[in-house]
Amino acid sequence: MISPTPKRSLWPAKDPRAVVVLDQTRLPHRVQTVTLRSLDDVARAISDMTVRGAPLIGVTAAYGMAFAMAMDPSNASLARAYDVLFATRPTAVNLRWALDVMRDLLAPLPPALRHEAALRKAHEVAEDDVSSNLALGLHGIQLLQQVAARRNGQPVRIMTHCNAGRLAAVAWGTATAPIYLAHDNGIPVHVWVSETRPRNQGASLTAWELADHGVPHTVFADNAAGHLLQRGLVDLVIVGADRVTRRGDVANKIGTYLKALAAKAHRVPFHVAFPCSTLDWTLDDGVASIPIEERSAREVTHVSGTDPRGRVVTVRVAPMESPARNDAFDVTPAKLVTGFITERGLCAANARGLRSFRRP
Ligand code: MRU
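Residues numbered from 1 in each chain as written. Predicted model: local features only at pLDDT ≥ 70, side-chain atom pairs only at ≥ 80, totals over all residues. Heavy atoms only, no water.

**Section: the sheet that holds strand 3 (residues 33-36)**
Then, number 1: Here three strands make up an open sheet; going across it, the order is 1-2-3 and the pairing antiparallel. Edge positions in the open sheet fall to strand 1 (10-12) and strand 3, since each of these has one partner strand only. Each strand axis lies, on average, 25° off the axis of its neighbour in the sheet, ignoring direction.
Then, number 2: Inspection of the sheet shows strand 2 (residues 19-22) paired to strand 3 by four bridges, in the antiparallel sense. Pairing of Leu 22 across the sheet is with Thr 33, part of strand 3. (Pairing = 2+ DSSP bridges. Helix = DSSP H or I, 4+ residues; strand = E, 2+ residues; numbered from the N terminus. Axes fitted to C-alpha atoms, helices over the stretch in contact; angles between N-to-C directions.)

**A few points about the nonpolar core**
Then, number 1: Residues Tyr 63 and Leu 144 are the most contacted members of the largest nonpolar core, which totals 65 residues.
Then, number 2: Shared between two domains, this core takes at least three residues from each, and those domains are domain 1 (10-128) and domain 2 (132-355).
Then, number 3: What Tyr 63 contacts, discounting residues up to four positions off in sequence, is Leu 10, Val 19, Leu 119, Ala 122, His 123 and Ala 126.
Then, number 4: Formed by 28 residues, the second largest nonpolar core is a distinct cluster that contains Leu 229, Ala 263, Val 272 and Phe 340. (Core = buried A, V, L, I, M, F, W, Y, C linked by side-chain atoms within 4.5 Å. Buried < 20%, exposed > 50% of the residue type's maximum accessible area, 1.4 Å probe, protein only. Domains from an automatic or database assignment. Contact = heavy atoms within 4.5 Å.)

**Some words on the site of the ligand**
Then, number 1: Residues in close proximity to the ligand total 18 residues, the closest being Arg 52, Arg 89, Gln 201, Asp 242 and Lys 253.
Then, number 2: Measuring from an oxygen atom of the ligand, one finds a side-chain N or O atom of Arg 52 at 2.8 Å.
Then, number 3: When the free accessible area of the ligand is taken as 410 Å², the share hidden by the protein chains comes to 100%.
Then, number 4: Its atoms largely coinciding with the cavity grid, the ligand occupies the largest cavity.
Then, number 5: If you list the elements that add at least two residues to the shell around the ligand, you get helix 2 (54-71) and strand 9 (250-253).
Then, number 6: Here the shell around the ligand gathers at least three residues from each of two domains, domain 1 (10-128) and domain 2 (132-355). (Near = heavy atom within 4 Å. Polar contact = N/O pair within 3.5 Å; in protein donor to acceptor, adjacent residues only side chain to side chain. Areas by Shrake-Rupley, 256 points an atom, 1.4 Å probe, with all protein chains shown as cover. 1 Å grid on protein atoms, 1.4 Å probe; cavity = no way out; pocket = protein on both sides within 12 Å on 5 of 7 lines; lining within 4 Å. Sits in = over half its atoms within 2 Å of the grid points.)

**Overview of the domain arrangement of the protein**
Frequently, the measure chosen for interface size is the accessible area removed from exposure when the parts meet.
Then, number 1: According to the domain assignment, the protein consists of domain 1 (10-128) and domain 2 (132-355).
Then, number 2: A C-alpha centroid distance of 25 Å is found between domain 1 and domain 2.
Then, number 3: Each partner contributes residues to the interface: domain 1 has 28 residues there, and domain 2 has 36 residues.
Then, number 4: In total, about 2,500 Å² of surface goes out of reach between domain 1 and domain 2, with carbon and sulfur atoms giving 55% of it.
Then, number 5: On the domain 1 side of the contact with domain 2, Arg 52, Thr 91 and Val 93 bury the most area, a combined 23% of that side's loss.
Then, number 6: At the junction of domain 1 with domain 2, the criterion picks out two salt bridges.
Then, number 7: Counting across the domain 1 and domain 2 interface gives 14 residue pairs in polar contact (both at pLDDT 80 or more).
Then, number 8: The element best represented in the side of domain 1 that touches domain 2 is helix 2, accounting for four residues. (Buried area = accessible area lost by both parts, 1.4 Å probe. Salt bridge = Lys/Arg side-chain N within 4 Å of Asp/Glu carboxyl O.)

**So, the pairing of strand 7 (residues 236-239)**
Then, number 1: Because side chains alternate across strand 7, one face comprises the buried residues Leu 236 and Ile 238, and the other comprises Val 237 and Val 239, equally buried.
Then, number 2: Where strand 4 (residues 156-160) and strand 7 come together, two bridges link them in parallel fashion. Counterpart to Met 159 in the pairing with strand 7 is Val 237.
Then, number 3: In this sheet, strand 10 (residues 270-273) lies alongside strand 7 in parallel orientation, the contact comprising three bridges. Bridging from a neighbouring strand, Ile 238 pairs with His 271 of strand 10.

**Structural notes on the packing of helix 1 (residues 39-47) against helix 3 (residues 75-86)**
When two helices pack together, their arrangement is captured by the angle between the axes and the distance separating the axes.
Then, number 1: At their nearest, the axes of helix 1 and helix 3 sit 9 Å apart, and the two run at 20° to each other. Viewed along their axes, helix 1 and helix 3 adopt a mutual orientation that is roughly parallel. Of the two possible hands of crossing, helix 1 and helix 3 adopt the one that is right-handed. Residue-level contacts link Leu 39, Val 42, Ala 43 and Ile 46 of helix 1 to Arg 80, Ala 81, Val 84 and Leu 85 of helix 3.
Then, number 2: Partitioned by chemical class, the residues of the contact of helix 1 with helix 3 number seven nonpolar, no polar and one charged. (Parallel < 35°, antiparallel > 145°, perpendicular 65-115°, else oblique. Left-handed = near helix turned anticlockwise from the far one by under 90°. Nonpolar A, V, L, I, M, F, W, Y, C, P; charged D, E, K, R; others polar.)

**Section: the pairing of strand 12 (residues 302-306)**
Then, number 1: Sheet analysis places strand 12 next to strand 13 (residues 312-316), joined by five bridges and oriented antiparallel. Bridge pairing links Thr 306 to Val 312 in strand 13.

Take a look at the structure:
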(Lines give C-alpha, C1' and ligand atoms only; values in the text may rest on other atoms or scores of the structure.)
Protein backbone atom coordinates (compact mmCIF):
# COMPACT_ATOMS: atom_id res chain seq x y z
CA MET A 1 0.00 0.00 0.00
CA ILE A 2 1.36 3.39 -1.01
CA SER A 3 -0.52 6.49 0.13
CA PRO A 4 -1.51 8.55 -2.93
CA THR A 5 -1.64 11.63 -0.66
CA PRO A 6 1.41 11.58 1.60
CA LYS A 7 1.55 14.33 4.22
CA ARG A 8 3.34 17.40 2.91
CA SER A 9 5.52 20.16 4.36
CA LEU A 10 4.92 22.54 1.44
CA TRP A 11 1.93 22.97 -0.86
CA PRO A 12 0.59 25.56 -3.30
CA ALA A 13 -1.54 28.31 -1.73
CA LYS A 14 -5.01 29.21 -3.04
CA ASP A 15 -3.37 32.33 -4.42
CA PRO A 16 -1.38 30.89 -7.35
CA ARG A 17 1.45 33.34 -6.60
CA ALA A 18 2.16 31.90 -3.15
CA VAL A 19 3.18 28.71 -1.41
CA VAL A 20 2.34 27.46 2.09
CA VAL A 21 4.87 25.79 4.41
CA LEU A 22 4.74 24.37 7.91
CA ASP A 23 6.60 26.66 10.33
CA GLN A 24 9.27 24.30 11.66
CA THR A 25 10.51 26.76 14.28
CA ARG A 26 7.20 26.20 16.12
CA LEU A 27 7.10 22.40 16.09
CA PRO A 28 6.41 20.29 18.05
CA HIS A 29 4.63 22.79 20.30
CA ARG A 30 2.50 24.55 17.69
CA VAL A 31 1.40 23.38 14.25
CA GLN A 32 1.32 26.59 12.22
CA THR A 33 1.66 27.43 8.57
CA VAL A 34 3.30 30.39 6.88
CA THR A 35 2.44 31.69 3.41
CA LEU A 36 5.44 32.75 1.34
CA ARG A 37 4.82 35.26 -1.47
CA SER A 38 8.06 37.06 -2.20
CA LEU A 39 11.80 36.57 -2.61
CA ASP A 40 12.31 38.16 0.81
CA ASP A 41 9.75 35.82 2.43
CA VAL A 42 11.58 32.81 1.03
CA ALA A 43 15.08 34.03 1.89
CA ARG A 44 13.95 34.75 5.46
CA ALA A 45 12.18 31.39 5.81
CA ILE A 46 15.34 29.52 4.77
CA SER A 47 17.70 31.66 6.89
CA ASP A 48 15.63 31.47 10.06
CA MET A 49 14.85 27.78 9.50
CA THR A 50 11.10 28.13 9.17
CA VAL A 51 11.91 25.63 6.41
CA ARG A 52 14.99 23.46 6.66
CA GLY A 53 16.38 20.13 5.49
CA ALA A 54 18.35 19.90 2.26
CA PRO A 55 15.61 18.93 -0.23
CA LEU A 56 13.04 21.37 1.18
CA ILE A 57 15.55 24.23 1.14
CA GLY A 58 16.08 23.58 -2.58
CA VAL A 59 12.37 23.39 -3.41
CA THR A 60 11.53 26.53 -1.41
CA ALA A 61 14.36 28.41 -3.12
CA ALA A 62 12.89 27.47 -6.51
CA TYR A 63 9.68 29.24 -5.46
CA GLY A 64 11.79 32.21 -4.31
CA MET A 65 13.14 32.55 -7.84
CA ALA A 66 9.58 32.41 -9.23
CA PHE A 67 8.33 35.09 -6.81
CA ALA A 68 11.27 37.34 -7.77
CA MET A 69 10.27 36.98 -11.43
CA ALA A 70 6.71 38.05 -10.58
CA MET A 71 8.02 41.32 -9.15
CA ASP A 72 10.68 42.01 -11.76
CA PRO A 73 11.63 39.56 -14.53
CA SER A 74 14.76 41.46 -15.65
CA ASN A 75 18.23 39.92 -15.93
CA ALA A 76 19.41 42.01 -12.97
CA SER A 77 16.54 40.70 -10.82
CA LEU A 78 17.28 37.12 -11.85
CA ALA A 79 20.93 37.49 -10.84
CA ARG A 80 20.01 39.19 -7.58
CA ALA A 81 17.45 36.53 -6.64
CA TYR A 82 20.07 33.82 -7.27
CA ASP A 83 22.62 35.61 -5.06
CA VAL A 84 20.20 36.42 -2.23
CA LEU A 85 18.95 32.83 -2.02
CA PHE A 86 22.40 31.29 -2.46
CA ALA A 87 23.62 33.26 0.58
CA THR A 88 20.92 31.89 2.92
CA ARG A 89 22.60 28.62 3.95
CA PRO A 90 25.95 27.21 2.81
CA THR A 91 26.05 23.43 3.31
CA ALA A 92 23.02 21.84 1.62
CA VAL A 93 23.93 21.66 -2.07
CA ASN A 94 20.29 21.13 -3.05
CA LEU A 95 20.00 24.92 -2.74
CA ARG A 96 22.58 25.52 -5.48
CA TRP A 97 21.10 22.67 -7.53
CA ALA A 98 17.62 24.23 -7.48
CA LEU A 99 18.91 27.74 -8.20
CA ASP A 100 20.91 26.42 -11.17
CA VAL A 101 17.86 24.58 -12.52
CA MET A 102 15.83 27.78 -12.33
CA ARG A 103 18.51 30.06 -13.78
CA ASP A 104 19.28 27.68 -16.64
CA LEU A 105 15.59 27.65 -17.55
CA LEU A 106 14.94 31.37 -17.13
CA ALA A 107 18.05 33.10 -18.44
CA PRO A 108 17.45 32.27 -22.14
CA LEU A 109 13.74 33.26 -21.96
CA PRO A 110 12.41 36.74 -22.76
CA PRO A 111 11.59 38.47 -19.44
CA ALA A 112 7.86 38.56 -20.22
CA LEU A 113 7.72 34.76 -20.16
CA ARG A 114 9.84 34.22 -17.08
CA HIS A 115 7.33 34.39 -14.24
CA GLU A 116 4.93 31.84 -15.67
CA ALA A 117 7.78 29.48 -16.62
CA ALA A 118 9.42 29.86 -13.21
CA LEU A 119 6.24 29.06 -11.31
CA ARG A 120 5.61 26.00 -13.46
CA LYS A 121 9.19 24.82 -12.89
CA ALA A 122 9.00 25.40 -9.13
CA HIS A 123 5.87 23.21 -8.96
CA GLU A 124 7.70 20.59 -11.03
CA VAL A 125 10.74 20.68 -8.72
CA ALA A 126 8.38 20.19 -5.75
CA GLU A 127 6.53 17.26 -7.34
CA ASP A 128 9.82 15.68 -8.44
CA ASP A 129 10.95 15.78 -4.82
CA VAL A 130 7.85 13.82 -3.81
CA SER A 131 8.35 11.18 -6.51
CA SER A 132 12.11 10.92 -5.92
CA ASN A 133 11.62 10.31 -2.23
CA LEU A 134 8.95 7.70 -2.89
CA ALA A 135 11.27 5.94 -5.36
CA LEU A 136 14.11 6.15 -2.85
CA GLY A 137 11.84 4.65 -0.22
CA LEU A 138 10.88 1.76 -2.49
CA HIS A 139 14.56 0.95 -2.99
CA GLY A 140 15.39 1.40 0.69
CA ILE A 141 12.57 -0.84 1.92
CA GLN A 142 14.53 -3.82 0.55
CA LEU A 143 17.11 -3.24 3.29
CA LEU A 144 14.41 -3.30 5.95
CA GLN A 145 12.83 -6.43 4.44
CA GLN A 146 16.19 -8.21 4.65
CA VAL A 147 16.51 -7.38 8.36
CA ALA A 148 12.84 -8.20 9.02
CA ALA A 149 13.38 -11.69 7.54
CA ARG A 150 15.77 -12.54 10.37
CA ARG A 151 13.91 -10.72 13.17
CA ASN A 152 11.10 -13.31 13.49
CA GLY A 153 8.34 -10.73 13.65
CA GLN A 154 10.23 -8.46 16.03
CA PRO A 155 10.52 -4.81 14.92
CA VAL A 156 13.39 -3.75 12.69
CA ARG A 157 15.36 -1.31 14.84
CA ILE A 158 16.55 1.73 12.90
CA MET A 159 18.63 4.57 14.32
CA THR A 160 18.39 7.99 12.67
CA HIS A 161 19.83 11.44 13.28
CA CYS A 162 18.47 14.96 12.93
CA ASN A 163 15.40 15.20 10.72
CA ALA A 164 15.68 13.59 7.33
CA GLY A 165 11.93 13.11 7.36
CA ARG A 166 9.03 14.53 5.45
CA LEU A 167 9.65 17.87 7.18
CA ALA A 168 13.04 18.04 5.48
CA ALA A 169 11.47 17.44 2.07
CA VAL A 170 8.10 18.04 0.41
CA ALA A 171 6.82 14.57 1.38
CA TRP A 172 8.03 11.11 2.50
CA GLY A 173 11.46 12.39 3.60
CA THR A 174 14.68 10.63 2.69
CA ALA A 175 15.82 8.49 5.64
CA THR A 176 12.18 8.11 6.67
CA ALA A 177 10.76 7.12 3.26
CA PRO A 178 11.69 3.42 3.60
CA ILE A 179 10.51 3.52 7.21
CA TYR A 180 7.07 4.95 6.36
CA LEU A 181 6.65 2.46 3.52
CA ALA A 182 7.70 -0.46 5.73
CA HIS A 183 5.33 0.64 8.51
CA ASP A 184 2.42 1.15 6.07
CA ASN A 185 3.00 -2.30 4.62
CA GLY A 186 3.07 -4.32 7.80
CA ILE A 187 6.81 -4.58 8.45
CA PRO A 188 7.20 -3.79 12.15
CA VAL A 189 9.72 -1.02 12.77
CA HIS A 190 11.04 0.87 15.75
CA VAL A 191 13.03 4.07 15.25
CA TRP A 192 15.74 5.30 17.60
CA VAL A 193 15.53 9.10 17.26
CA SER A 194 18.66 11.01 18.21
CA GLU A 195 17.71 14.30 19.91
CA THR A 196 20.26 16.20 17.75
CA ARG A 197 21.54 19.03 19.85
CA PRO A 198 21.87 21.92 19.59
CA ARG A 199 18.60 22.59 17.70
CA ASN A 200 17.03 19.24 18.58
CA GLN A 201 15.62 18.48 15.13
CA GLY A 202 15.40 14.80 16.13
CA ALA A 203 13.49 15.32 19.37
CA SER A 204 11.28 18.11 18.06
CA LEU A 205 10.74 17.29 14.37
CA THR A 206 11.49 13.63 13.65
CA ALA A 207 9.70 12.47 16.80
CA TRP A 208 6.73 14.72 15.92
CA GLU A 209 6.32 13.40 12.41
CA LEU A 210 6.83 9.75 13.40
CA ALA A 211 4.21 10.16 16.14
CA ASP A 212 1.91 11.87 13.63
CA HIS A 213 2.25 8.82 11.37
CA GLY A 214 1.93 6.29 14.21
CA VAL A 215 5.46 4.90 13.81
CA PRO A 216 6.87 3.43 17.05
CA HIS A 217 9.97 5.36 18.12
CA THR A 218 12.08 6.38 21.11
CA VAL A 219 14.00 9.64 21.51
CA PHE A 220 17.47 9.24 23.02
CA ALA A 221 20.20 11.63 24.12
CA ASP A 222 22.84 12.08 21.42
CA ASN A 223 25.54 10.76 23.74
CA ALA A 224 23.75 7.40 24.04
CA ALA A 225 24.23 6.43 20.40
CA GLY A 226 27.47 4.50 20.96
CA HIS A 227 25.96 2.69 23.91
CA LEU A 228 22.84 1.61 21.97
CA LEU A 229 24.97 0.36 19.07
CA GLN A 230 27.35 -1.46 21.40
CA ARG A 231 24.45 -3.20 23.17
CA GLY A 232 23.16 -4.65 19.89
CA LEU A 233 19.94 -2.62 20.05
CA VAL A 234 20.21 -1.25 16.52
CA ASP A 235 19.85 -3.26 13.28
CA LEU A 236 20.82 -0.45 10.93
CA VAL A 237 21.40 3.29 10.85
CA ILE A 238 19.77 5.45 8.16
CA VAL A 239 20.53 9.16 7.96
CA GLY A 240 20.00 11.86 5.33
CA ALA A 241 22.58 14.10 3.68
CA ASP A 242 23.11 17.76 2.88
CA ARG A 243 25.85 17.17 0.34
CA VAL A 244 27.55 14.04 -1.02
CA THR A 245 30.79 14.36 -2.99
CA ARG A 246 31.63 12.34 -6.08
CA ARG A 247 33.73 9.97 -4.02
CA GLY A 248 30.93 9.49 -1.49
CA ASP A 249 31.87 11.69 1.47
CA VAL A 250 28.70 12.82 3.26
CA ALA A 251 27.98 16.16 4.93
CA ASN A 252 25.06 15.85 7.32
CA LYS A 253 23.93 17.27 10.65
CA ILE A 254 26.65 17.55 13.29
CA GLY A 255 26.93 14.24 15.15
CA THR A 256 26.45 12.05 12.08
CA TYR A 257 30.19 11.32 11.92
CA LEU A 258 30.30 10.04 15.51
CA LYS A 259 27.37 7.71 14.80
CA ALA A 260 29.11 6.40 11.69
CA LEU A 261 32.29 5.70 13.67
CA ALA A 262 30.36 3.86 16.36
CA ALA A 263 28.33 1.91 13.79
CA LYS A 264 31.54 0.83 12.04
CA ALA A 265 33.08 -0.27 15.35
CA HIS A 266 30.05 -2.44 16.09
CA ARG A 267 29.49 -3.70 12.52
CA VAL A 268 26.06 -2.11 12.25
CA PRO A 269 25.20 -1.13 8.64
CA PHE A 270 25.21 2.64 8.14
CA HIS A 271 23.17 3.87 5.17
CA VAL A 272 22.70 7.37 3.78
CA ALA A 273 19.48 8.22 1.92
CA PHE A 274 19.30 11.19 -0.46
CA PRO A 275 17.89 12.31 -3.81
CA CYS A 276 20.50 12.87 -6.54
CA SER A 277 20.04 16.65 -6.16
CA THR A 278 22.22 16.20 -3.04
CA LEU A 279 25.21 15.06 -5.12
CA ASP A 280 27.96 17.60 -5.66
CA TRP A 281 29.94 16.40 -8.67
CA THR A 282 32.38 19.32 -8.31
CA LEU A 283 33.87 18.09 -5.02
CA ASP A 284 35.90 15.04 -4.11
CA ASP A 285 37.37 15.23 -0.59
CA GLY A 286 34.39 16.29 1.52
CA VAL A 287 36.35 16.97 4.71
CA ALA A 288 38.61 19.41 2.89
CA SER A 289 36.06 21.09 0.69
CA ILE A 290 32.43 21.06 1.90
CA PRO A 291 31.53 24.41 3.47
CA ILE A 292 30.29 23.88 7.01
CA GLU A 293 27.74 26.33 8.35
CA GLU A 294 28.62 27.88 11.67
CA ARG A 295 25.53 29.02 13.53
CA SER A 296 24.90 31.19 16.56
CA ALA A 297 26.57 30.13 19.82
CA ARG A 298 23.23 30.83 21.47
CA GLU A 299 21.88 27.56 20.05
CA VAL A 300 24.47 25.75 22.22
CA THR A 301 24.25 27.88 25.36
CA HIS A 302 20.42 27.88 25.43
CA VAL A 303 17.60 25.35 25.07
CA SER A 304 13.92 25.87 24.30
CA GLY A 305 10.85 23.95 25.38
CA THR A 306 7.42 24.37 26.91
CA ASP A 307 6.80 25.20 30.54
CA PRO A 308 4.03 23.47 32.56
CA ARG A 309 1.53 26.06 31.24
CA GLY A 310 2.39 25.20 27.65
CA ARG A 311 4.29 28.42 26.97
CA VAL A 312 7.43 28.12 24.84
CA VAL A 313 10.40 29.35 26.85
CA THR A 314 14.13 29.49 26.18
CA VAL A 315 16.56 29.05 29.04
CA ARG A 316 20.31 29.32 29.32
CA VAL A 317 22.20 26.12 30.28
CA ALA A 318 25.82 27.34 30.07
CA PRO A 319 27.48 29.94 32.32
CA MET A 320 27.14 33.54 31.12
CA GLU A 321 30.90 33.85 30.72
CA SER A 322 31.41 30.63 28.66
CA PRO A 323 31.84 31.03 24.92
CA ALA A 324 30.43 28.31 22.65
CA ARG A 325 31.06 27.05 19.14
CA ASN A 326 28.33 25.77 16.86
CA ASP A 327 29.37 23.90 13.72
CA ALA A 328 26.06 22.78 12.23
CA PHE A 329 27.30 19.90 10.05
CA ASP A 330 30.11 17.37 9.88
CA VAL A 331 31.53 15.18 7.15
CA THR A 332 31.45 11.39 7.27
CA PRO A 333 34.11 9.87 5.01
CA ALA A 334 32.77 7.40 2.44
CA LYS A 335 34.72 4.54 3.99
CA LEU A 336 32.42 4.63 7.03
CA VAL A 337 29.25 4.36 4.93
CA THR A 338 27.82 0.94 4.04
CA GLY A 339 25.68 2.15 1.15
CA PHE A 340 23.59 4.86 -0.43
CA ILE A 341 19.83 4.82 -0.96
CA THR A 342 18.74 7.07 -3.83
CA GLU A 343 15.80 7.39 -6.21
CA ARG A 344 17.91 5.68 -8.87
CA GLY A 345 18.65 2.67 -6.70
CA LEU A 346 20.97 1.39 -3.98
CA CYS A 347 24.71 1.71 -4.52
CA ALA A 348 28.07 1.39 -2.82
CA ALA A 349 29.32 4.53 -1.10
CA ASN A 350 32.17 5.23 -3.46
CA ALA A 351 32.97 6.92 -6.78
CA ARG A 352 32.26 3.80 -8.78
CA GLY A 353 28.89 3.25 -7.07
CA LEU A 354 27.85 6.84 -7.74
CA ARG A 355 29.15 7.10 -11.31
CA SER A 356 26.10 5.45 -12.85
CA PHE A 357 23.87 8.16 -11.30
CA ARG A 358 25.64 10.96 -13.11
CA ARG A 359 23.44 12.49 -15.77
CA PRO A 360 25.23 13.79 -18.88
O1 MRU B 1 20.14 22.33 9.74
P2 MRU B 1 19.06 21.49 9.13
O3 MRU B 1 17.94 21.20 10.06
O4 MRU B 1 18.60 22.06 7.80
O5 MRU B 1 19.80 20.13 8.82
C6 MRU B 1 19.11 19.06 8.25
C7 MRU B 1 19.92 17.84 8.14
O8 MRU B 1 21.08 17.78 8.42
C9 MRU B 1 19.24 16.67 7.53
O10 MRU B 1 19.66 15.48 8.12
C11 MRU B 1 19.64 16.69 6.06
O12 MRU B 1 19.26 17.91 5.48
C13 MRU B 1 19.06 15.61 5.32
S14 MRU B 1 17.44 16.04 4.94
C15 MRU B 1 16.61 14.98 4.07
